[in-house]
Amino acid sequence: MKTALVCGGGGFIGHHLIKRLKREGFWVRGVDLKFPQFSETEADDFLIADLRDPGNCRAIVDRRFDEVYQLAADMGGAGFIFTGENDADIMHNSAIVNLNMLDACHKRHVSRVFYSSSACMYPEHNQLDAKAPVTREDSAYPANPDSEYGWEKLFSERLYLAYNRNFGMQCRVARYHNIFGPEGTWTGGREKAPAALCRKVAEAENGTSIEMWGDGEQTRSFLFVDECVEGTIRLTRSDFQGPVNIGSEEMVTINELAYLVMDVAGKQLDIDHIPGPLGVRGRNSHNELIKAKLGWAPNESLRDGIEKTYPWIEAQVNKLRGRNQYA
Ligand code: NAD
């Protein structure tokens, strides 16, 4: 039986990845600081452990796993990454997890390790035009990410690729672009735009308004989590080390995203634009390289993904309302 280790298996993407690996018949170990928040893990073995401790990493990598997925990171949406208040934690915690895990895998002769980088590593100066952002993989240098989160991702990308060069490992590096879907963080400050907008729309009475940071004309693309998992697995098992974008090429403004959510919810709401942390002006995935190297690219529409995500977030909002009512 093939074996896989998913670090960050209690998080949003890791939890979905574990389900997929189980469907494929793997024996799976998950590890995280916490259990998945919204449903039971399907992992055969799930360890609560802090990967900042190198001893924990060595104990967790106790065998030569066929595949290791390193998704653990201190992360969140704009409200967490772009305020500056969490910079030291973001850089220290995520870098040390990557250093420890890669070393533990190398010592156990695990060769196939997937690492989830982020589109946040692309230079800010290429993303000032909302209509024409540049995120070709080879546009990464000269580097100029707009957040410490992006700088840490860039450092760690280089770390994994250095282990390939110097130690003959087979690490694979993807740059994820805004992943969303059911069972993702939807409240509390670490949620991202699709989940935050679904929550705000679900909470609002028809005919009222929702708040949005900025003028809403900044652009992004959003990838449904199942396609993210598909791309992750395809890349891990391929001969291509990356880095490669895993994202959608369907770019929308945040206003358009909000109106799409309202449409799916069947509500008409106004938008109050308020000051808040924003990130770059424009971002879209560029998928030529993934098509060339993997013969595959995501193709599900944003609407399809929102239609699967909105009802889940609406149910969470209603559950919370019910609890508060009886508290
Ligand atoms: P997430 O926050 O839901 O999952 C990350 C998990 O890592 C969390 O459950 C967290 O508890 C765990 N973790 C953090 N520090 C740890 C530690 N010291 N020891 C053990 N576990 C620890 O995030 P996600 O959305 O599932 O993202 C997974 C990966 O993909 C992250 O590396 C993230 O940076 C990257 N990424 C995600 C997106 C996205 O849109 N979700 C975009 C770009 C990149």
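Residues numbered from 1 in each chain as written. Predicted model: local features only at pLDDT ≥ 70, side-chain atom pairs only at ≥ 80, totals over all residues. Heavy atoms only, no water.

Peer 1: Sorry, what's going on with the overall build of the chain here?
Peer 2: Across its full length, the chain carries 10 helices and 13 strands. Relative to the 2.2 N^0.38 estimate, which gives 20 Å for 327 residues, the radius of gyration of the chain is 19 Å and therefore close to what a compact globule would have. Expressed along its principal axes, the backbone C-alpha trace of the chain runs to roughly 60 × 50 × 40 Å. Taking the contacts inside the chain whose residues are at least 6 apart along the sequence as the reference set, 78% of them involve residues at least 24 apart. Total accessible area computed for the chain in this model is approximately 14200 Å², and 48% of it derives from carbon and sulfur atoms. (Helix = DSSP H or I, 4+ residues; strand = E, 2+ residues; numbered from the N terminus. Rg over C-alpha atoms; globule rule 2.2 N^0.38 Å. Contact = heavy atoms within 4.5 Å. Areas by Shrake-Rupley, 256 points an atom, 1.4 Å probe, with all protein chains shown as cover.)

Peer 1: Any chance you could explain the environment of Phe240 here in plain terms?
Peer 2: Relative to the elements of secondary structure, Phe240 occurs in the loop between α7 (225-236) and β11 (244-246). For Phe240, a relative accessible area of 16% puts it in the buried group. Residues Phe240 and Gln170, 70 residues apart in the sequence, show an inter-C-alpha distance of 9.0 Å. Excluding residues that lie within four positions of it along the chain, Phe240 makes contacts with Arg172, Leu235, Leu289 and Lys293. (Buried < 20%, exposed > 50% of the residue type's maximum accessible area, 1.4 Å probe, protein only.)

Peer 1: Any chance you could explain the nonpolar core here in plain terms?
Peer 2: Nonpolar side chains tend toward joint burial in soluble globular proteins. If you look at the biggest cluster of nonpolar residues, it comprises 57 residues, and the most contacted ones within it are Leu21, Tyr69 and Tyr176. Shared between two domains, this core holds at least three residues of each, these being domain 1 (3-179 + 223-246) and domain 2 (183-221 + 250-285 + 301-321). Once residues within four sequence positions are removed from consideration, Tyr69 is found in contact with Ala4, Leu5, Val6, Cys7, Leu17, Leu21, Phe114, Thr232, Ile233, Thr236 and Arg237. In this structure, Leu5, Leu102, Val113 and Leu159 belong to the second largest nonpolar core, which totals 26 residues. (Core = buried A, V, L, I, M, F, W, Y, C linked by side-chain atoms within 4.5 Å. Domains from an automatic or database assignment.)

Peer 1: Looking at this structure, I do not really get the sheet that holds β11. What am I missing?
Peer 2: Strands in a sheet are paired, the pairing made by backbone hydrogen bonds, and the direction either parallel or antiparallel. Pairing is parallel across the open sheet formed by 7 strands, whose spatial order is β3-β2-β1-β4-β5-β6-β11. Both edges of this open sheet fall to β3 (45-48) and β11, since each of them pairs with a single strand only. Strand-to-strand, the axes of this sheet are offset by a mean angle of 20°, without reference to chain direction. Here strand β1 (residues 3-7) runs beside strand β4 (residues 67-70); their pairing, made up of 4 bridges, is parallel. By the bridge assignment, Cys7 is partnered in β4 with Gln70. Helix-sheet contacts for helix α4 (residues 87-107) involve β1, β4 and β5 (113-118), and the interaxial angle to β4 is about 175°. (Pairing = 2+ DSSP bridges. Axes fitted to C-alpha atoms, helices over the stretch in contact; angles between N-to-C directions.)

Peer 1: Would you mind going over the site of the ligand with me for this structure?
Peer 2: For the ligand, the set of nearby residues contains 26 residues, the closest of which are Ile13, Asp32, Tyr149, Ile179 and Lys192. Measuring from an oxygen atom of the ligand, one finds a backbone N or O atom of Ile179 at 2.7 Å. Contacts to the ligand include Lys192, whose side-chain N or O atom sits 2.8 Å from an oxygen atom. Surface burial for the ligand is 92%, taken as the share of its 810 Å² of free accessible area covered by protein chains. Of the residues forming the shell around the ligand, the biggest block, 3 residues, is contributed by β5. Considering only residue class, the shell around the ligand consists of 13 nonpolar, 7 polar and 6 charged. (Near = heavy atom within 4 Å. Polar contact = N/O pair within 3.5 Å; in protein donor to acceptor, adjacent residues only side chain to side chain. Nonpolar A, V, L, I, M, F, W, Y, C, P; charged D, E, K, R; others polar.)

Peer 1: What am I meant to see in the pairing of strand β8 (residues 209-213) here?
Peer 2: Looking down a regular strand, the side chains alternate between one sheet face and the other. Residues Ile210 and Met212 point to one face of β8 and are all buried, whereas Ser209, Glu211 and Trp213, pointing to the other face, are not buried. As paired elements, β8 and strand β13 (residues 270-274) share 5 bridges and run parallel to each other. In the sheet register, Ser209 faces β13, and the bridge partner there is Asp270.

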